[in-house]
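Tertiary structure, described
Okay, here's what each chain looks like letter by letter:
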Amino acid sequence: MDKKLKETILNPILKGNPITVLVLGICSALAVTVQLKGALVMALSVIAVTGLSSLVCSLIRNTIPNRVRIIVQLVVVAMMVILVDQILKAGEGTYAIDKQLSVYIGLIITNCIVMGRIEAFALGNKPIPSLLDGLANGLGYGLILVVVAFFRELLGSGTLFGFQVLPAGYIPNNLVILPPFALILLGCIIWVHRAIDKDLQEK
Amino acid sequence: MNTNSNVYTVIYTAIVVVIVAAILAFVASKLGPAQDANAKAETLRQMMSAAGVKPTDELYAAKNAEILQLYADNIEEAYTIDLDGEKNGELSVSKDKIELVSKLKPQHKAILAEGDATLPVYIFKGGKAVIPIYGAGLWGPVWGYIAFEPDGHTIAGAFFDHESETPGLGAKIKDEPWFREKFAGKTVEWSETPAFRLEKNAEAAGAPNAIDAITGATMTSKGLNEALNVWFKAYEKHFAAGASEETTINAEEE
């Protein structure tokens, strides 16, 4: 059991990473990675949503009528997303970031990772492993988001978390700020990931 | 129990929806006041940035409570006008009960429909008048606040914001201080049509009421230009009347 639990937590971060291996949740990874701060808040929001949705769906998994299970999952996920959005809007420090992330917080509901993990894991497992699976998948997603945002903010604005890092003479690269570069960067990350982990390469 | 029967399915979904709705309604009502306070402080920051009360960085670093205090300390009066430039309401400026016209979209619609508009004018100490503008950018709304010098046609400062313009391109209207700083010292020529021009190569001709559009952000610039002129038109009677009053007083003195 212990080994299985460890697998549940580590797999989504490494071998089964939702972005680099399953290639889920790409759109938001491109859209909210212009600045580290935004990416970090987005990552935390997704972790909270995947974790809590998986937990709730796992708790009620034996009562859900099979024919409407997707709808019930959707209602649960939507509720979590709205809660996260409302809480971000209410916090004095997070209001500005919520404004900056605008629709992308709401669009977490369409993030395939959330529904995917509920369908694939939470409906067939006990609440605690489901919670961990959700959190770990959110974490795997968040890690990539933060890595992409690190490079995009550094090269696109010359800053990290809003603080000037590169010398003032650096001319920000506008291509880096635009979404296409996030895709290029993501491709590079997948490349590096596959080069390191030989199991991911096709024979 | 048969969880696949029709009756069970219908009852189950109904219960789930009711529970979720109840949770959301409860949370929304609990967090509503905090969210409104944040939105109000945000509007005040943008207005005070335009009016030059404090540098924008400091305004954004300040807590909500400090922002309310700062506004109360610096505002002279606030009122609303209709499209004829006549006053049609007062807005409280006391610290505990600051009133704003924060929803600009309905006012924008009223201007376009030439209906009953309540357009705010915020007069800061020293005579600067701040007015909002609102319009459509490329992906979503763009809005902003323009501060006028006491003469009623020279721009003292401006602040622009947007909901979802492209980062690195249209988002420059907010992110790049040089853009809003260009507005200071420009004028709005109330008698001309358009009263202000934010267009490609507009600065080259040297007109006092022209600013270059942002390269790579054609649609955002166009939208902002439209927003500026639609709202300037709506305020034209108010400011043009004020300006002519001043000139007659000056003439009498001479």
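So, here is what we can say about the structure in this document. (Residues numbered from 1 in each chain as written. Chains lettered and ligands numbered in written order. Predicted model: local features only at pLDDT ≥ 70, side-chain atom pairs only at ≥ 80, totals over all residues.)

1. Looking at the overall build of chain B
Assigned secondary structure in chain B consists of 7 helices and 8 strands. Its C-alpha atoms give chain B principal-axis dimensions of about 95 × 45 × 40 Å. When each of the 254 residues of chain B is scored for burial, the buried share is 33%. Within chain B, contacts between residues separated by at least 24 positions form 55% of all contacts whose residues are at least 6 apart in sequence. (Helix = DSSP H or I, 4+ residues; strand = E, 2+ residues; numbered from the N terminus. Buried ≥ 20, exposed ≤ 12 C-beta atoms within 10 Å, placed from the backbone. Contact = placed C-beta atoms within 7 Å.)

2. Overview of the interface of chain B and chain A
With 24 residues of chain B at the interface, the matching set in chain A holds 24 residues. For the side of chain B that touches chain A, the residue count by class is 12 nonpolar, 9 polar and 3 charged. (Nonpolar A, V, L, I, M, F, W, Y, C, P; charged D, E, K, R; others polar.)

3. So, helix α10 (residues 179-196) of chain A
Residues and elements named next belong to chain A. Given a rise of 1.5 Å per residue, 18 residues ought to cover 26 Å, and the 26 Å separating the end C-alpha atoms of α10 matches this to within 8%. Taken residue by residue, α10 has Phe181, Ala182, Leu185 and Leu186 as its buried positions. For α10, the buried positions fall inside an angular range of 140 degrees around the axis, keeping them on one side. Exposed residues pointing more than 90 degrees away from the buried face of α10 are listed as Pro180, Ile184, Gly187, Trp191 and Ala195. Buried residues along α10 sit in contact with α2 (26-31), α8 (127-157) and α9 (174-177). (Expected span 1.5 Å × (residues − 1). Arc of directions from axis to C-beta.)

4. Re helix α4 (residues 104-112) of chain B
Residue and element names in this part refer to chain B. Every buried residue belonging to α4 is among Leu104, Gln107 and His108, and all of these are buried. For α4, the arc enclosing every buried residue in end-on projection is 105 degrees, short of the 170-degree limit, so these residues lie on one face. Of the exposed residues in α4, the ones pointing more than 90 degrees away from its buried face are Lys105 and Lys109. Taken together, the buried residues of α4 touch β3 (119-124), β4 (129-136) and β5 (141-148).

5. Describing the sheet that holds β5(B)
Within a sheet, each strand pairs with its neighbour through backbone hydrogen bonds, oriented either parallel or antiparallel. All names here are of chain B. Overall, antiparallel pairing links the 6 strands, which are arranged β2-β1-β3-β4-β5-β6 in an open sheet. At either margin of the open sheet sits one strand with a lone partner, and together these are β2 (87-91) and β6 (155-162). Here the strands of the sheet are splayed against their neighbours by 25 degrees on average, with no regard to which way each runs. Pairing analysis gives 2 bridges linking β3 to β4, with the strands arranged antiparallel. Looking at β4, one finds that Tyr122 is bridged to Val130. Helix-sheet contacts for helix α1 (residues 6-51) involve β3, β4, β5 and β6, and the interaxial angle to β6 is about 150 degrees. Contacting β3, β4 and β5, α4 crosses the sheet at an angle of about 80 degrees to β4. (Pairing = 2+ DSSP bridges. Axes fitted to C-alpha atoms, helices over the stretch in contact; angles between N-to-C directions.)

6. Concerning the pairing of strand β1 (residues 75-81) of chain B
All names here are of chain B. Direction of pairing for β1 relative to β3: antiparallel, over a ladder of 6 bridges. Residue Ile81 lies in a different strand from β3, and its bridge partner there is Leu119. Alignment of β1 against β2, held across 4 bridges, turns out to be antiparallel. Bridge pairing in β2 places Tyr79 opposite Glu90. In sequence, β1 turns back onto β2 through a hairpin of 5 residues, with Gly85 there showing a positive phi of about 85 degrees.

7. Describing the nonpolar core
All names here are of chain B. Of all hydrophobic cores here, the largest spans 55 residues; its most connected members are Ala50, Ala51, Val130, Ile146, Ala147, Ala158 and Trp231. Listing elements by their share of this core, those giving two or more residues are α1, α3 (64-74), β1, β3, β4, β5, β6 and α7 (218-253). Sorting elements by how many residues they give to this core places α7 first, with 8 residues. Discounting chain neighbours no more than four positions away, the residues touching Ala50 are Val130, Tyr145, Ile146, Ala147, Gly157, Ala158 and Phe159. (Core = buried A, V, L, I, M, F, W, Y, C linked by C-beta atoms within 7 Å.)

8. Some details on unusual backbone geometry
The omega torsion across B:Thr193 and B:Pro194 is -5 degrees, close enough to zero to call that bond cis. Along the chain, the position of B:Pro194 falls in the loop between α6 (177-181) and β7 (197-199). The residue A:Val23 is not glycine, and still its phi comes out positive at about 50 degrees. Structurally, the position occupied by A:Val23 is in the loop between α1 (2-13) and α2. By C-beta crowding, A:Val23 is classed as partly exposed, having 13 other C-beta atoms within 10 Å.

9. Considering the environment of A:Gln201
Mapped onto the fold, A:Gln201 is located in the segment after α10. Sequence-wise, A:Gln201 and A:Ala168 are 33 residues apart; in three dimensions their C-alpha atoms are separated by 42 Å.

10. What about the pairing of β3(B)?
Burial within β3(B) is extensive, with 5 of its 6 residues counted as buried. Counting the residues between successive antiparallel strands, the hairpin from β3(B) to β4(B) contains 4 residues, one of them, B:Gly126, with a positive phi of roughly 100 degrees.

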